[in-house]
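# Remarks on the overall topology
What follows is each chain in one-letter form.
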Amino acid sequence: PAHVLNLEIYEPFAELMGTQLEYVLNSYLVGSSNYIHQILESMQSSDYASLAKAAHPLKSSSQQIGLHKMFDIARELEFAANQTPQDNTRLTTLI
């Protein structure tokens, strides 16, 4: 669906990556899986600085390839973790 993947970003990115696209996408999948794991662990331990630190590269890499939904979620996680670490209600609704 258009709201998940922005083709206006993805298609030029895919063209730019050329034969390296598969490698880059696989790297994104592995990296994003690691960041999501770190986010969940940070939430469990109430380590909001680490949560924000893991959300930031997830946000950036998702935006770079046009994954808007993941970008939006990671952006909100990073923002919430940096704003109100003592009140995790906002973070809980995002995760």
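It should be emphasised that the depicted structure is a prediction, and the values quoted were computed from it without experimental measurement.

### A short note on the overall build of the protein chain
Each helix and strand counted, the protein chain has five helices and zero strands in total. Sequence-ordered secondary structure for the protein chain, helices as α and strands as β, is α-α-α-α-α. Per-residue burial for the protein chain yields a buried fraction of 28% across its 95 residues. Relative to all contacts within the protein chain whose residues are 6 or more apart in sequence, the contacts with residues 24 or more apart total 52%. Surface summary for the protein chain: the accessible area is close to 6,200 Å², and the carbon and sulfur share equals 56%.

### Quick notes on the packing of helix α1 (residues 7-17) against helix α3 (residues 48-65)
Following both chains from N to C, one finds α1 and α3 inclined at 85°, their axes separated by 7 Å at the closest point. As summarised for this structure, α1 and α3 are arranged roughly perpendicular, according to the angle between their axes. In this structure, α1 contributes Ile9, Tyr10 and Phe13 to the contact, and α3 contributes Gln63, Gln64 and Ile65. Tallied by class, residues from the contact of α1 with α3 come to four nonpolar, two polar and no charged.

### With respect to the side chain of Ser42
Tracing the backbone shows Ser42 in helix α2 (residues 21-44). A polar contact is formed between the side chain of Ser42 and the backbone oxygen of Gln38, at a distance of 2.8 Å. Those residues in contact with Ser42 that lie beyond four places of it in its chain are Asp47, Ser50 and Leu51.

### A closer look at α1
The N-terminus of α1 is capped by Asn6, whose side-chain oxygen sits 2.8 Å from the backbone nitrogen of Glu8. Phi turns positive one or two residues past the end of α1, at Gly18, with a value near 55°.

### Here's the deal with the packing of α1 against α2
Axis separation between α1 and α2 bottoms out at 8 Å; the angle between their running directions is 120°. When the axes of α1 and α2 are compared, the pair comes out oblique. Across the interface between the two elements, Tyr10, Phe13, Ala14 and Met17 of α1 pack against Leu21, Val24 and Leu25 of α2. A per-class count over the contact of α1 with α2 returns seven nonpolar, no polar and no charged.

### A closer look at the nonpolar core
Formed by 16 residues in total, the largest nonpolar core has its most connected members in Ile39, Leu51, Leu58, Leu77 and Ala81. The set of elements that each furnish at least two residues to this core consists of α1, α2, α3 and α4 (68-83). For this core, the leading source of residues is α3, giving seven residues.

Conventions we followed
Residue numbers restart at each chain and count upward from 1, following the sequence in its written direction. Selection of residues for local features in this predicted model requires a pLDDT of at least 70, selection of side-chain atom pairs for listing and counting requires 80 or more, and totals for whole chains, interfaces and linings are taken over all residues. To obtain the side-chain values, all non-hydrogen atoms of the structure were included, while hydrogens and water were left out. Only runs of H or I of at least four residues qualify as helices and only runs of E of at least two qualify as strands under DSSP, and these elements are numbered from the N terminus. Between buried and exposed lies partly exposed: a residue is buried under 20% and exposed over 50% of the maximum accessible area for its type, with that area taken using a 1.4 Å probe on protein chains only. Whether two residues are in contact is decided by their heavy atoms, any of which lying within 4.5 Å being enough. For the accessible areas, the method is Shrake-Rupley and the probe is 1.4 Å, while residue cover comes only from the protein chains on display. Note on geometry: axes are C-alpha line fits, over the in-contact stretch for helices, and angles between N-to-C directions span 0 to 180 degrees. Orientation is classified from the angle alone, with under 35 degrees giving roughly parallel, over 145 giving roughly antiparallel, 65 to 115 giving roughly perpendicular, and any other angle giving oblique. Three classes are used, and their members are as follows: Ala, Val, Leu, Ile, Met, Phe, Trp, Tyr, Cys and Pro are nonpolar, Asp, Glu, Lys and Arg are charged, and the others, Gly among them, are polar. Here a polar contact means two N or O atoms within 3.5 Å. Within protein one must be a hydrogen donor candidate and the other an acceptor candidate, and residues neighboring in sequence count only if both atoms are side-chain atoms. Put simply, a nonpolar core is a bunch of buried Ala, Val, Leu, Ile, Met, Phe, Trp, Tyr and Cys residues held in one set by side-chain atoms that sit within 4.5 Å of each other.

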